[in-house]
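Spelled out from the first residue to the last, the chains are:
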Amino acid sequence: MLYAVKMDVAIPRDLDPEVRAETVAREKAYSHELQRGGEWVHIWRMVGQYSNLSIFDVASNERLHEILWNLPLFPYMTMEITPLAQHPSDIAVES
Ligand SMILES: O=C(O)C[C@H]1C=CC(=O)O1
């Protein structure tokens, strides 16, 4: 199942810089692990924003929830989640 997830990050300005750096580093490692495992298919920076647009390919709603809930930056994020379906005009799936 494919999902587009827009993540907007808003880390409080007064967060301890060490906590901030450590949380961002854990987020990066967690993201890399999921990308290598094939569930986090794309991650794009949204120009001019501390936001990304990501594509996930996961087995279920529950699995996506688990992945997102465990993001180290989850407490500082707002997300918009859009389930994706094949488009009938996609030449990759045309028969
Ligand atoms: O920077 C971001 O967009 C937030 C987050 C998502 C993955 C990652 O490494 O950082």
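Structure shown above.
Every value quoted in this text rests on a predicted model; they were computed, and no experiment measured them.

**Student:** Residues and numbers for the overall build of the protein, please.
**Tutor:** A count of helical and extended segments in the protein gives two helices and four strands. Judged by the C-alpha coordinates and their principal axes, the protein covers about 55 × 25 × 20 Å. The buried share of the protein, taken over its 95 residues, is 28%. At a minimum sequence separation of 6, the contacts of the protein that also span at least 24 residues come to 68%. About 6,700 Å² of surface is accessible on the protein, with carbon and sulfur atoms providing 56% of the total. Averaging the positions of the 8 positive and the 14 negative side-chain charges in the protein gives two centres separated by 8 Å.

**Student:** I'd like to hear about the environment of valine 5, residue by residue, with values.
**Tutor:** Positionally, valine 5 belongs in strand S1 (residues 2–9). Owing to a relative accessible area of 0%, valine 5 belongs among the buried residues under this scheme. Here the alpha-carbon distance between valine 5 and leucine 68, two residues 63 residues apart in the chain, equals 9.5 Å. The residues contacting valine 5, other than those within four sequence positions of it, are Asn52, Leu53, Ser54, Phe56, Leu64, Leu68, Met79, Glu80 and Ile81.

**Student:** Quick one: what's the story with the packing of aromatic side chains, residue by residue and with numbers?
**Tutor:** Counted by the stated rule, this structure contains two aromatic pairs. With 4.7 Å between their ring centres and 40 degrees between their planes, tryptophan 40 and phenylalanine 56 make a pair best called tilted. Here tryptophan 40 is found in strand S2 (residues 40–45), whereas its partner phenylalanine 56 is found in strand S3 (residues 51–57), with 16 residues between them in sequence. The pair tryptophan 40 / phenylalanine 56 is uniform in exposure class, with both members buried.

**Student:** Tell me about the sheet that holds strand S4 (residues 77–84), and please be specific about residues and values.
**Tutor:** The pairing of strands in a sheet comes from backbone hydrogen bonds and takes either a parallel or an antiparallel form. Spatially, four strands are ordered S2-S3-S1-S4 in an open sheet, and the strand pairing comes out antiparallel. Two strands in the sheet have a free side with no partner beyond their single neighbour: S2 and S4. With direction set aside, neighbouring strand axes in the sheet form an average angle of 15 degrees. Pairing of S1 with S3 involves seven bridges; the strand directions are antiparallel.

**Student:** Explain the pairing of S2 to me, and be specific about the residues and the numbers.
**Tutor:** When S2 meets S3, the two strands line up antiparallel, connected through five bridges. Looking at the pairing, tryptophan 40 lines up with phenylalanine 56 of S3. Taken together, S2 and the strand that follows it, S3, pair antiparallel across an intervening segment of five residues, in which glycine 48 is found at a positive phi of about 80 degrees.

**Student:** Now, about the nonpolar core: what can you tell me, with residues and values included?
**Tutor:** By size, the foremost hydrophobic cluster in this structure holds 16 residues, and its most contacted members are Val5, Met7, Phe56, Leu64, Ile67, Leu68 and Leu71. Looking at this core, the elements with two or more residues in it are S1, helix H1 (17–36) and helix H2 (61–69). Looking at which element gives the most residues to this core, the answer is S1, with four residues. Those residues within four positions of leucine 71 in sequence are excluded, and the remaining contacts are Met7, Glu27, Tyr30, Trp40, Met77 and Met79.

What counts and what doesn't
Each residue is numbered by its place in its chain's sequence as written, counting from 1. Owing to the predicted nature of the model, reporting of local features is limited to residues with pLDDT of at least 70; listing and counting of side-chain atom pairs is limited to 80 or more, with chain, interface and lining totals taken over all residues. Only hydrogens and water are removed before side-chain values are computed, so all heavy atoms of the structure are retained for them. Comment: elements are numbered from the N terminus, with helices defined as DSSP H or I runs of at least four residues and strands as E runs of at least two. Exposure categories follow from relative accessible area, calculated using a 1.4 Å probe and restricted to protein chains: below 20% of the type maximum is buried, above 50% is exposed, and the middle band is partly exposed. Residues count as neighbours in contact if any of their non-hydrogen atoms are within 4.5 Å of one another. Only the protein chains shown count as cover for residues, and all accessible areas are computed by the Shrake-Rupley method using a 1.4 Å probe. Charge counting follows a simple rule: Lys and Arg are positive, Asp and Glu are negative, and His as well as the terminal groups are ignored. For charged residues, the charge sits on one atom: NZ in Lys, CZ in Arg, CG in Asp, CD in Glu. Ring geometry is summarised as follows: Phe, Tyr and Trp rings, the Trp one being its six-membered ring, pair when their centres sit within 6.5 Å, and such pairs are stacked at plane angles under 30 degrees, edge-to-face over 60 and tilted between the two. Note on pairing: two strands pair once DSSP finds at least 2 bridges between them. Axis angles are defined between N-to-C directions and span 0 to 180 degrees, where every axis is a line fitted to C-alpha atoms and, for a helix, only to the segment in contact. Residue types Ala, Val, Leu, Ile, Met, Phe, Trp, Tyr and Cys, when buried and joined through side-chain atoms within 4.5 Å, form a set referred to as a nonpolar core.

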